[in-house]
Amino acid sequence: MRFDELGLAPELLRALADQGYTEPTPIQAQAIPVILAGRDLMGGAQTGTGKTAAFTLPLLQRILAFASPSPSPARHPVRVLMLAPTRELAIQVYESVKTYSRHVPIRSCCVFGGVDIKPQIAEIRCGAEVLVATPGRLLDLFEQKCLNFASVQALVLDEADRMLDMGFVPDVTRIINLLPRQRQSLLFSATFSEEIKKLADGMLKSPVLIEVAKRNTVSETITHRVHPVAAEAKRALLVKLLKSADFNQVLVFTRTKIETNRLARELQKAGIAADSIHGDKSQQERLKVLEAFKEGSVLVLVATDVAARGLDIDELPHVINFELPRTPEDYIHRIGRTGRAGKPGTAISLVSASEVEYLVEIEKLIRIQVEQVPVAGFEPEYDYTYPPSGKRGHRRPLPPPPALAPLAAPRSERMTGRNAQREGANRASNGRFPHLAADGFDFSKPYESPAPLVAAVGNDADRALHHSERPHKPRRPVAALLGGLGRK
DNA sequence: AAAAAAT
């Protein structure tokens, strides 16, 4: 399959050729014809598979059919709106739009918070067919009457499951309700929880579902590894790992902004070229640090989940989870920063006893049992393996030192002693995930997160049921918001 | 119980 078989305009093919691209990735080959045909689309694909170009190219082509050569702003109304969950991601999408539109008379513009709004107002006044934005600033500009959505023909939600989760839903819903009902809607993400899928269905008209690789899977070029370690020993272990020859450029994730700062400082003290990025830093600082990391003057970037999604860092070999993320989906996004475009990558997680439950959820979601490798001198006091009872998050104190050896031994060896007990369970899960099968997990069905991101979606009967199950908990007002979500 | 996104 080649790009020139997809019916794209010569000018777009030329822009692709400028980048050295001749063959579409699977998501591009499947999504481009669907988008050209004007259909709604839900696109699930692993990170690093060319999602951005998959929607940018055909949307540019659709605008092209009506493009105006006139310089008047009135003749360049917003036709395509692209929303992203972080400012850096919006910039990245915008750069892609710029790249592919270089040979066509289409204007584009990018707006996001954290920077002076005036230049953005000036730019919008000049007119742009493609507008890339983060939700807050877009609404700000709308309230200042700088924007008119009347001519929007297509909406793209990049990282759609994030755009539709609790924190974003109010803003995104407001924006959607400002757009013309008659429009094309495209949703893209590497992960779609069942809850988000339901919510998304409400805003799509007979959508085409494209799942290139299976939903909620990770790149096969990534090697996963867990180092069990006591929480107090994590920093020392991280320093040791980073100082070992195996590492050069590394992205390290923590769970809080404060820990991000503290850890970066500690690494600097240890003589490691580290810096941190999180949402409390100024936008200028965020971009500067990211740039330093991309060009290589910063070798270790310590980040919150602000950097978990979409960021395309060239040939990043390693991601380390200093702390596991709260939701298993975020693990997929975090480690998706490595192993991009078929290149190899390693994803290492430092897991303490309190995080074992997160690990179990992650292993279920990605359907991989991650190898656990204790590091000499950092062996934890607890055994992190799953006990025969199958009870999650169980931890038991290990016998004194001599018994540390079995913990360090390969997992398979430890398993053998329990084989008899687990035979039945093993068969149920093809023998691949004995501890999960023992827990009653069905591998023939898609995984459903036990903690709904959205409290209640669906018809009144569903809601009533949900309500009666948990009379003690007040329902969140999400249902009210959903009522207005682009229902036709 | 956290991070992101407007000021």
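Remember, it's a predicted structure, so these values are computed and weren't measured experimentally.

Asks: Would you explain the nonpolar core in this entry?
Replies: Burial of nonpolar side chains together is a common tendency in soluble globular proteins. Grouped together as the largest cluster of nonpolar side chains are 73 residues, with contacts concentrated most on Leu41, Leu57, Met82, Val130 and Val132. For this core, the domains that each give at least three residues are domain 1 (3–211) and domain 2 (222–410). Leave out the neighbours within four places in its chain, and Val132 touches Met82, Ala90, Val93, Tyr94, Val97, Cys109, Cys110 and Val111. Of all hydrophobic cores here, the second largest spans 36 residues; its members include Ile117, Leu131, Ile175 and Leu199.

Asks: In this structure, what is going on with the domain arrangement of chain A? I would like to understand it.
Replies: How large an interface is tends to be reported as the accessible area lost when its parts come together. Per the domain assignment, the segments making up chain A are domain 1 (3–211) and domain 2 (222–410). Counting residues at the interface gives 19 residues for domain 1, matched by 19 residues for domain 2. Buried surface at the junction of domain 1 and domain 2, summed over both partners, amounts to about 1,500 Å²; 52% is from carbon and sulfur atoms. Here domain 1 is connected to domain 2 by 4 salt bridges. For the salt bridge of Arg309 with Asp161, the shortest nitrogen-to-oxygen distance reads 2.8 Å. Here domain 1 is connected to domain 2 by 8 residue pairs in polar contact (both at pLDDT 80 or more). Of all the elements in the fold, those that place two or more residues in the side of domain 1 that touches domain 2 are helix H4 (87–100) and helix H7 (160–163). Counting residues per element, the side of domain 1 that touches domain 2 draws most heavily on H4, which supplies 5 residues.

Asks: What is the right way to read the pattern of salt bridges from this model?
Replies: Opposite charge on two side chains permits pairing when their charged atoms draw close. All told, the structure shown has 22 salt bridges when counted by the stated rule. Arg286 serves as the salt-bridge partner of Glu88, at 2.7 Å between the closest nitrogen and oxygen. Separated by 198 residues along the polypeptide, Glu88 in helix H4 and Arg286 in helix H12 (residues 283–295) bring together distant segments of the chain. By the burial criterion, Glu88 is buried, and Arg286 matches it. A salt bridge links Lys234 to Glu355; its shortest N-O distance comes to 2.6 Å. Placement of Lys234 in helix H10 (residues 234–243) and of Glu355 in the loop between strand E13 (345–351) and helix H14 (356–366) is noted, with a sequence separation of 121 residues between them. Taking relative accessible area as the criterion, Lys234 reaches 4% and is therefore assigned buried. When its relative accessible area of 3% is taken as the criterion, Glu355 is described as buried. Each of the salt bridges in this network shares a partner with another, and the network as a whole consists of Glu159, Asp161, Arg162, Asp165, Arg309 and Asp330.

Asks: Got a minute to help me understand the pairing of strand E1 (residues 41–44) in this structure?
Replies: Side-chain positions along a regular strand alternate between the two faces of the sheet. Taking every second residue as pointing to the same face, both faces of E1 are buried, with Leu41 and Gly43 on one and Met42 and Gly44 on the other. Pairing of E1 with strand E7 (residues 208–211) involves 4 bridges; the strand directions are parallel. If you follow Met42 over to E7, its bridge partner there is Leu209.

Asks: Where do I start with the protein's contact with DNA strand B in this structure?
Replies: For DNA strand B, the set of nearby residues contains 23 residues, the closest of which are Arg137, Thr256, Lys257, Gly279 and Arg326. For DNA strand B, the backbone makes up 75% of the atoms found within 4 Å of the protein, where backbone means sugar plus phosphate. A distance of 2.8 Å separates a phosphate oxygen of DNA strand B from a polar atom in the backbone of Gly113. Among the elements that make up the surface near DNA strand B, the one with the highest residue count is helix H6 (residues 135–143) (5 residues). Residue classes in the surface near DNA strand B are distributed as 5 nonpolar, 10 polar and 8 charged.

Rules behind the numbers
- Residues numbered from 1 in each chain as written.
- Chains lettered and ligands numbered in written order.
- Predicted model: local features only at pLDDT ≥ 70, side-chain atom pairs only at ≥ 80, totals over all residues.
- Heavy atoms only, no water.
- Core = buried A, V, L, I, M, F, W, Y, C linked by side-chain atoms within 4.5 Å.
- Buried < 20%, exposed > 50% of the residue type's maximum accessible area, 1.4 Å probe, protein only.
- Domains from an automatic or database assignment.
- Contact = heavy atoms within 4.5 Å.
- Buried area = accessible area lost by both parts, 1.4 Å probe.
- Salt bridge = Lys/Arg side-chain N within 4 Å of Asp/Glu carboxyl O.
- Polar contact = N/O pair within 3.5 Å; in protein donor to acceptor, adjacent residues only side chain to side chain.
- Helix = DSSP H or I, 4+ residues; strand = E, 2+ residues; numbered from the N terminus.
- Pairing = 2+ DSSP bridges.
- Near = heavy atom within 4 Å.
- Nonpolar A, V, L, I, M, F, W, Y, C, P; charged D, E, K, R; others polar.

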